[in-house]
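# Remarks on the overall topology
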Amino acid sequence: MFKAAGVDEVTDANFADEVLKEKERTVLVEFGADWCGPCRQLAPVLSAIAEEEGERIKVVQLDVDHNPGTAAAYGVLAAPTLIVFRDGEPVKSMVGIRPKRKLLEEIADVR
């Protein structure tokens, strides 16, 4: 998967530890794939959020082709799908790319 700089990749195997057990920060998960052009466009946005908001927002990516179990568990049918998790629970789901400011506004809406 096209990896955004400064953004960790999660897998079916470590999703629970990296996302669901995170209690200190909100977690933004991008469900994407190598073949997904919009995912590549979203990478700089994710990198910027990870760098600028890392103390309060953990940003991770999951490759849906290599980790179909987690993608299926959360009903991911399109890439990129962004799901915001708080205290281990999905609280918001978005499909498609967004500019950084808009994405941060949408994340802030779930606080």
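Cut-off values and rules
Residues numbered from 1 in each chain as written. Predicted model: local features only at pLDDT ≥ 70, side-chain atom pairs only at ≥ 80, totals over all residues. Heavy atoms only, no water. Helix = DSSP H or I, 4+ residues; strand = E, 2+ residues; numbered from the N terminus. Buried < 20%, exposed > 50% of the residue type's maximum accessible area, 1.4 Å probe, protein only. Contact = heavy atoms within 4.5 Å. Areas by Shrake-Rupley, 256 points an atom, 1.4 Å probe, with all protein chains shown as cover. Salt bridge = Lys/Arg side-chain N within 4 Å of Asp/Glu carboxyl O. Pairing = 2+ DSSP bridges. Axes fitted to C-alpha atoms, helices over the stretch in contact; angles between N-to-C directions. Parallel < 35°, antiparallel > 145°, perpendicular 65-115°, else oblique. Left-handed = near helix turned anticlockwise from the far one by under 90°. Nonpolar A, V, L, I, M, F, W, Y, C, P; charged D, E, K, R; others polar. Disulfide = S-S within 2.5 Å.

### Remarks on the overall build of the protein
- When helices and strands are counted, the protein shows four helices and five strands.
- Ordered by position from N to C terminus, the α and β elements of the protein give β-α-β-α-β-α-β-β-α.
- Viewed in the frame of its principal axes, the protein has a C-alpha envelope of about 30 × 30 × 20 Å.
- In the protein, buried positions account for 47% of the 111 residues.
- Look at the contacts in the protein between residues 6 or more apart in sequence, and 73% of them connect residues 24 or more apart.
- Carbon and sulfur atoms make up 51% of the accessible area of the protein, which amounts to about 5600 Å² in all.

### Some points on the pattern of salt bridges
- Tallied over the entire structure, the rule returns seven salt bridges.
- Residues Asp17 and Lys21 are paired through a salt bridge, measuring 3.0 Å at the closest nitrogen-oxygen approach.
- Since its relative accessible area comes to 48%, Asp17 is described here as partly exposed.
- Looking at Lys21, the relative accessible area reads 56%, which means it is exposed.
- Between Glu52 and Lys100 there is a salt bridge; the shortest N-O distance is 2.6 Å.

### A closer look at the pairing of strand S5 (residues 89-95)
- As paired elements, strand S4 (residues 81-86) and S5 share six bridges and run antiparallel to each other. Looking at S5, one finds that Val84 is bridged to Lys92.
- The antiparallel pairing of S4 with S5 creates a hairpin that spans two residues between the two strands, and Asp87 there sits at a positive phi of about 50 degrees.

### Section: the packing of helix H2 (residues 37-53) against helix H4 (residues 100-108)
- Where H2 meets H4, the axes come as close as 10 Å, and the angle between the chain directions of the two elements is 60 degrees. For the element pair H2 / H4, the angle class is oblique. The interaxial crossing formed by H2 with H4 has right-handed handedness. Counting all contacts with H2, which are made through Val45, Ala48, Ile49, Glu52 and Glu53, the residues of H4 involved are Lys100, Leu103 and Leu104.
- Residues that form the contact of H2 with H4 fall into these classes: five nonpolar, no polar and three charged.

### Quick look at the state of the cysteines
- For the coordinates displayed, the defined rule picks out one disulfide.
- A sulfur-sulfur distance of 2.3 Å marks the disulfide that ties Cys36 to Cys39. Disulfide Cys36-Cys39: the torsion about the S-S bond is 85 degrees, which places it as right-handed. Accessibility classification places Cys36 together with Cys39 in one group, the buried group.

### Description of unusual backbone geometry
- Between Ala79 and the following residue, Pro80, the backbone shows a cis peptide bond with an omega angle of -5 degrees.
- You can see Pro80 is positioned in the loop between helix H3 (68-73) and S4.
- Backbone geometry places Asp87, a non-glycine residue, at a positive phi of 50 degrees.
- Residue position: Asp87 is located in the loop between S4 and S5.
- Judged by relative accessible area, which is 43%, Asp87 ranks as partly exposed.

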